[in-house]
Amino acid sequence: MKHIKITILFVGTIGLFTGCDFLNTGESTYYDKNETLYDPAKVAQLCTQVYSYLPNGLDGISGAMQDAATDDAIHVYPTATVQRFVNGGWSPNNTVDDVFANYYKAVHDANFYLENCLGLTFDDWKNTDGFQDTYAAYLNQRHEVRFLRAFYYFELVKRYGNVPLITKTLTKEEAARAQPASAEKVLQFVIDECTDVAQALPDKPTALPGGPANMQRVSKGVALALKSRATLYLASPLFNPSADAARWQTAAAAAYELISQASTFGYALDNDYQNLFGAINNQSPEVILCRPEGKTTHFEAANYPIGVERGSGNTCPTENLVSAYEMKDGTAFDWNNTAQAADPYKNRDPRLQMTIVCNGSKWPGAVPVETFFGGKNGQPLRNATTTGYYLKKYLNNKVTFEAGKTTNSFDHNWILFRYAEILLNYAEAMAEAYGPDQTAAGLPLTAREAVNMVRARKNVAMPPYPTGMPQAAFLARLRNERRVELAFEGHRFWDLRRLKALDEMKDIYKVSIEKRDDGTLAYTREKLCTYAVSDKLYFYPFSNVELHKNGHLIQNPGWAQ
């Protein structure tokens, strides 16, 4: 989808939003409006155009993963754009991840499709081979486009809060007068759209004409996944200042709506956690929707350790994240425990070694990584990790840049929704609404049972949470579970915000490793830096460019200049 874009030149005038020109998509194929609406293939291209705005976290923010703006990672290069999130350089004049115009362009394209492409019959094509399948796919596209529009609104509201809610194409003049809607209203729109289109979408994308080729298209389960996420956000403190408990009940019910039909949709937890991040992760039963990037090597080049051929070591996990991984027996890791501190990566949650490259990890080949001071991948080498760690998740170690060897490219698919997230959404909402061990009418699964399903994955096999945990202790541990299970999947940045927990990411820690004269290693946890955290960081600033275009936009608190 990333590489399929079309440019359509229509006879007459089509509306624009916030100055974004729908015609300007960077390719050179031109059709007039009648020709486009006459041909089902060109109408399908319009639908694909709306898909093309789906985010790819592997591309990230100017090549940096968003986790580098949290306490889970840092970006090793101080001039990287992502540093603005944490170094005080973020402002309405110096934005970062400013997707406002891009997502409204996506909304415009969706609105255009829904206004112009419904009710077509393609009479001149009825006798062509495969028309019935083509027409069946066409009838489904309207529901896909409505979902995508809802998805883009969710992406907008979690960043900016109150934003205009536009469901028709606008002229420039109309766009300049668009009034923002409350974040609550926009989130409710997302939820309502997902509820509605889920009734019309197929249970499985393979039910659409074309079979497996449609694995990345929107199905009923995808709509319910977004509904689960949106209801969870609407219940969370950032969007629920009155602490309305009914919202947590609604979020639990939304997650269970998908969980109760998981087998029908073909969803299940993958037995192998590592399957979720390899070249064929789109085939995992756990993946609900992913964004294909195609065959590349750039993610490996960006994140292989310094000291590995062509490695840049961009994303460096922090000791904050590493310390979040429990011991294999389910107890918390503790630097004050001398035995644990002496060998900190022994007997840990298996997901640690599947996610992060630690000192001694054999990665990407058979040679152990050395992040100790003076090691072949550590300080004081230029641009070596400053935290003591490198990233492993989503990297494919079959990629090699070594001289004399062929550099092969492999598929990369960014996960947008997977089943484990839905179980964790459910566990959080149930625990907030009813407690860790309680069920409710129509909700027969407890919060504890849901999180234990995730922990019981075959090659993770972490001990289950016990019964009888106090609610506060359960929620704290559950949020830690969410952190490690979903690390580097685009959740931590937003979870800290929706939970109003930015103070948790104030102090960033590293591990310092010294190689003694006898060859043994000494590990020490040390503070790397302190971020200036303030309430204004809960929402993005509107850029001054957008405020100039539309005088009705209201700058978010703390960002006025």
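Below is a summary of the structure that appears in this document. Bear in mind the structure is a predicted one, so any value in this text is a computation, not a measurement.

Below, the discussion takes up the packing of aromatic side chains. By the definition in use, this model includes 38 aromatic pairs. Note on Tyr 153 and Phe 189: the rings are 5.8 Å apart at their centroids and 85° apart in plane angle, and the pair reads as edge-to-face. Highlighted residues: Tyr 153 in helix H5 (residues 131–160) and Phe 189 in helix H7 (residues 183–198), separated in sequence by 36 residues. By relative accessible area, Tyr 153 is classed as buried at 0%. Residue Phe 189 is classed as buried on the basis of its relative accessible area of 15%. Ring pairs connect the aromatic residues Phe 85, Trp 90, Phe 100, Tyr 104, Tyr 153, Tyr 160, Phe 189, Phe 493, Trp 494, Tyr 540, Phe 542 and Trp 559, which therefore count as one cluster. A cation over an aromatic ring shows up here: Arg 525 above the ring of Tyr 509, its NZ or CZ 3.6 Å from the ring centre. Directly above the ring of Trp 559 sits Lys 536, whose terminal nitrogen or CZ lies 4.3 Å from the centroid.

On to the pattern of salt bridges. Scanning the model with the defined rule gives 40 salt bridges in all. Of the charged contacts, one joins Arg 479 and Glu 428 as a salt bridge, the two residues approaching to 3.8 Å between their closest N and O atoms. Within this pair, whereas Arg 479 is found in helix H17 (residues 471–485), its partner Glu 428 is found in helix H15 (residues 419–433), the two being separated by 51 residues in sequence. For Asp 437, the salt bridge is made with Arg 448, and the minimal N-O distance between the two is 2.8 Å. Within this pair, whereas Asp 437 is found in the loop between H15 and helix H16 (447–455), its partner Arg 448 is found in helix H16, the two being separated by 11 residues in sequence. The structure contains a network of salt bridges with shared partners spanning Glu 286, Glu 326, Asp 349, Arg 351, Lys 393, Arg 418, Arg 455, Arg 457, Arg 477, Glu 481, Glu 485 and Glu 489.

Right, let's get into the nonpolar core. Soluble globular proteins: nonpolar side chains tend toward being buried together. Counting 178 residues, the largest nonpolar core has Phe 85, Phe 147, Tyr 152 and Tyr 426 as its most contacted members. With 13 residues, H5 is the single largest residue contributor to this core. Contacts of Phe 147, omitting those with residues within four sequence positions, involve Cys 194, Val 197, Val 218, Val 222, Ala 223, Leu 226, Leu 289 and Phe 417.

The next point concerns helix H2 (residues 40–51). Between the first and last C-alpha of H2 there are 17 Å, a value that for 12 residues agrees with the 16 Å anticipated at 1.5 Å per step. Counting buried positions along H2 yields nine of 12 residues, so the element is predominantly enclosed. Looking only at H2, the buried set comprises Pro 40, Lys 42, Val 43, Leu 46, Cys 47, Thr 48, Gln 49, Val 50 and Tyr 51. Where H2 is buried, its residues meet helix H1 (33–38), helix H4 (100–116), H5 and strand E4 (287–296). Backbone nitrogen of Ala 41 and a side-chain oxygen of the N-cap are separated by 2.9 Å at the start of H2; the cap is Asp 39.

So, on to unusual backbone geometry. Residues Trp 363 and Pro 364 are joined by a peptide bond in cis, for which omega reads -5°. By secondary structure assignment, the location of Pro 364 is in the loop between strand E6 (356–357) and strand E7 (390–391). Here the residue pair Gln 379 and Pro 380 is connected by a cis peptide bond, since its omega of 10° sits within 30 degrees of zero. With respect to the helices, strands and loops of the structure, Pro 380 is situated in the loop between E6 and E7. Phi at Ser 62 is positive, roughly 50°, even though this residue is not glycine. Tracing the backbone shows Ser 62 in the loop between H2 and strand E1 (73–75). The phi angle at Phe 122 is positive, at roughly 50°, despite the residue not being glycine. Classification of Phe 122 as buried rests on a relative accessible area of 5%.

Once that is clear, we can look at the pairing of strand E8 (residues 410–418). A regular strand places its side chains so that they alternate between the two faces of the sheet. With respect to burial, E8 is a largely interior element, eight of its nine residues being buried. In this sheet, E8 lies alongside E4 in antiparallel orientation, the contact comprising eight bridges. Each residue of the ladder has a partner; that of Pro 292, found in E8, is Asn 413.

What counts as what
- Residues numbered from 1 in each chain as written.
- Predicted model: local features only at pLDDT ≥ 70, side-chain atom pairs only at ≥ 80, totals over all residues.
- Heavy atoms only, no water.
- Phe/Tyr/Trp six-rings, centres within 6.5 Å; stacked < 30°, edge-to-face > 60°.
- Helix = DSSP H or I, 4+ residues; strand = E, 2+ residues; numbered from the N terminus.
- Buried < 20%, exposed > 50% of the residue type's maximum accessible area, 1.4 Å probe, protein only.
- Lys NZ or Arg CZ within 6 Å of the ring centre and 35° of its normal.
- Salt bridge = Lys/Arg side-chain N within 4 Å of Asp/Glu carboxyl O.
- Core = buried A, V, L, I, M, F, W, Y, C linked by side-chain atoms within 4.5 Å.
- Contact = heavy atoms within 4.5 Å.
- Expected span 1.5 Å × (residues − 1).
- Polar contact = N/O pair within 3.5 Å; in protein donor to acceptor, adjacent residues only side chain to side chain.
- Pairing = 2+ DSSP bridges.

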